Amino acid sequence: MLIGEGSAHDRLRVGNANDWDPGPGSVVTWEPTPGSIANARLAPISPVPPSFMQAGHLRGYVEFRERGLDYSRTVMGSWDVSGRCDIRAMTYVLNAHFRRHATYHSWFEYKEAKHIVRHTIQDPRDIQFVAKEYGVMTQLKWRDHVLATPDPLQWDCFRCGIIQHEHSFTLYAVVDHLHCDPMLLAGFYVEILMNYNALLEGKGPAVLPPAASYDDFCLRESQYVSRMTLESPEVRKWIEFAEANGGTLPDFPLPLGEQSMPSGGGVQMMRLLGPEQTALFEAVCQQAGVRFSGGLFACSALALYELTGAETYYGLTPIDKRKGPADFMTVGWFTGVVPFTVPVDPNSFEATARAAQASFDANMDLANLPYDRVLELAPWLRRPGPQFTMINYMDAGLPPFSAIVANALKGVKAAALTDGRNPAFMYSTVFRLFDEVSIMVSYPNNPIAQESVRRYMEAMKSVLHRAVAGNLAGVRVRVAS
């Protein structure tokens, strides 16, 4: 599946590991030395807590494992590079990368759900990855190889490698979500290839500005949430939002099938708007006085109204909490979640979009307060269930993404993939890339969920096209039978 109109070479392939076929070639993977693993095991306890996202990820992994389910947990990507890989040079730049970014220096000891202990390697020079040759693999062996990346309870839950083809090689990364968000894929490519190419040209490695400290981010987050009480406005807003959803976070309203049995994760993708339609939709949003994201949230609300008749849409969307240039040069999971509520006007895209934008903007501060902390303060609320859903909007044309993505996709075959394991929840991502808008949905891989996702994406596309085609007041949505 391809995202991005662009040139034939400037597209992003998406899918999951079951369909990941980088083509024939000899596989080389960089793995830690036994000494590095021994040093990590002896790393002392750190006072820095895991971020709330990291703690939730570890809990999810353990809970799924106890239920006999394989938890979706990795960020995976690849890029094609011309020529034959210089293994020595690549070894140097990969080790420099792992030593530069502090998140790779930690591992977590899981004692119980509320007792997770960080261990941190004191000297980054103790981290040493070496190249290991695996030879030519079939697609099935390749899939099993990348899925064998260690789990998040192991220090070395990240792998990088290459597949050497006749005239080029594919660089790939498989990193547990514990240590990164999707920014890894563009930043990793730029940092690794920039330094690799510099070495091949006989130059020294690029002098990069210092990376920010992910430990500092975790400490700031912990200090902020520790000040929250039941009387804090942010807590009250989260409680009101959860209580409006029956005491928890919102469910996807269409059936997602049986999720207690292993099924793996499915992925569906659909192009929603071409370049001309994207420009028209942006104009429609501007006329309504909202941003592109607000218009998309409104269309999701209208699509689900059409499918279910729900007159109020409760949405959740992740946002990046990086604050400055150093943060954007840093590998880590810098994510918060914003809840928003949309009263649906089935006869007006404009009114619905304004309501969506106003609610999102009013709740932006809630991204700094994880729902897990709200549960600690308000124990009558519940953790989300198996129908839980979230929608993400990623605009590759906005700084700092624009410069990074332009470099990371220019003239290469790039891929961003899921690992095909059981997802924690249904997750929709709307991409705006090369003036095209597409949606990718990850879901429990069963026929019921597959059909529900198909209906949702088709309804979303229909509403978007109607918003583009007519007057704002002319977009009429009727409950489907």
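See the structure shown above.
Scope of this entry: the structure provided in the associated data block. (Residues numbered from 1 in each chain as written. Predicted model: local features only at pLDDT ≥ 70, side-chain atom pairs only at ≥ 80, totals over all residues. Heavy atoms only, no water.)

Structural notes on the overall build of the protein
Put simply, the test is: Only DSSP runs of H or I reaching four residues or more are called helices, and only runs of E reaching two or more are called strands; each is numbered from the N terminus. A radius of gyration in this sense is built from C-alpha atoms; the matching globule rule multiplies 2.2 Å by the number of residues raised to 0.38. The classification of residues rests on relative accessible area computed with a 1.4 Å probe and restricted to protein chains. Under 20% of the type maximum is buried, over 50% is exposed, and intermediate values are partly exposed. In what follows, a contact means two residues having at least one pair of non-hydrogen atoms within 4.5 Å. Shrake-Rupley sampling with a 1.4 Å probe provides the accessible areas, and residues are treated as covered by the protein chains on show and by no other component. Counted as positive: Lys and Arg. Counted as negative: Asp and Glu, with His and the chain ends omitted from the count. To locate a charge, take atom NZ for lysine, CZ for arginine, CG for aspartate or CD for glutamate.
On a plain count of helices and strands, the protein comes out with 14 helices and 16 strands. Radius of gyration (C-alpha) of the protein: 22 Å, near the 23 Å computed for a compact globule of 481 residues. If one aligns the C-alpha atoms of the protein with their principal axes, the spans along those axes are about 65 × 50 × 45 Å. Across the 481 residues that make up the protein, the buried fraction comes to 56%. Sequence-distant contacts, at least 24 apart, represent 80% of the contacts inside the protein between residues at least 6 apart. Carbon and sulfur atoms form 54% of the exposed surface of the protein, whose accessible area is close to 20,300 Å². The centroid of the 43 positive side-chain charges in the protein is displaced by 1 Å from the centroid of its 50 negative side-chain charges.

Structural notes on helix α2 (residues 52-66)
Inclusion rule: By definition here, a helix of n residues has an expected span of 1.5 Å times n minus one.
The end-to-end C-alpha distance of α2, which contains 15 residues, comes to 21 Å, matching closely the 21 Å that a straight helix rising 1.5 Å per residue would cover. Among the residues of α2, Phe52, Gln54, Ala55, His57, Leu58, Arg59, Gly60, Tyr61, Val62 and Phe64 are the ones counted as buried. Packing partners of the buried residues in α2 comprise β5 (106-112), β6 (115-120), β9 (168-176), α6 (214-226) and α12 (371-377).

Some details on helix α7 (residues 233-243)
One full turn of an α-helix is made of 3.6 residues, so residues set three or four places apart face in the same direction. As a reminder, the rule being used: An arc is given here, and it is the one of the directions from the helix axis to the C-beta atoms.
Looking at α7, one finds that the buried residues are Glu234, Val235, Trp238, Ile239, Phe241 and Ala242. Buried residues along α7 cover an arc of 165° about the axis, so they all sit on one side. Facing away from the buried side of α7, by more than 90 degrees, are the exposed residues Pro233 and Glu240.

A look at the environment of Thr91
The condition is simple: Any pair of N or O atoms that falls within 3.5 Å is considered a polar contact. Within protein, one atom must be able to donate a hydrogen and the other to accept it, and sequence-neighbouring residues count only if both atoms are side-chain atoms.
Within the secondary structure layout, Thr91 lies in helix α3 (residues 87-100). The exposure class assigned to Thr91 is buried, which follows from its relative accessible area of 16%. Not counting the four nearest positions on each side in its chain, Thr91 is found in contact with Trp30, Phe129 and Ala131. Within the local environment of Thr91, its side chain forms a polar contact with the backbone oxygen of Ile87, the two atoms lying 2.7 Å apart.

Focus: the pattern of salt bridges
Pairs can form between side chains of opposite charge whenever their charged atoms are close. The condition is simple: Every case where a carboxyl oxygen of Asp or Glu lies within 4 Å of a side-chain nitrogen of Lys or Arg is listed as a salt bridge.
Counted according to the given criterion, the structure contains 24 salt bridges. We note a salt bridge from Asp70 to Arg421, for which the minimum N-O separation is 3.1 Å. With a gap of 351 residues between them, Asp70 in the loop between α2 and β4 (74-82) and Arg421 in the loop between β14 (414-418) and β15 (426-433) connect regions that are remote in the sequence. Across the pair Arg118 and Asp215 runs a salt bridge whose closest N-O atoms are separated by 3.7 Å. With Arg118 in strand β6 and Asp215 in helix α6, the pair connects residues that are 97 residues apart, well separated along the chain.

Considering the layout of surface pockets
In this approach the atoms are scanned with a rolling probe the size of a water molecule, which exposes any empty space left behind. For clarity, the cut-off: A cavity here means a set of 1 Å grid points, computed over protein atoms only, where a 1.4 Å probe fits but cannot escape. A pocket is an open set with protein on both sides within 12 Å along at least 5 of 7 lines, and lining residues have an atom within 4 Å of a point. Grid points are joined across faces, edges and corners, and a volume is the space filled by probe spheres set on the points. Residues are grouped as follows: nonpolar covers Ala, Val, Leu, Ile, Met, Phe, Trp, Tyr, Cys and Pro; charged covers Asp, Glu, Lys and Arg; every other residue, Gly included, is treated as polar.
Estimates place the volume of the second largest pocket at around 450 Å³. Phe52, Arg59, Ala113, Lys114 and Glu376 are, among the 16 residues lining the second largest pocket, the residues nearest its centre. Put simply, the parts of the chain that give the lining of the second largest pocket at least two residues each are α2, β6, α6 and α12. Residues of the lining of the second largest pocket, tallied by class, amount to 7 nonpolar, 3 polar and 6 charged.

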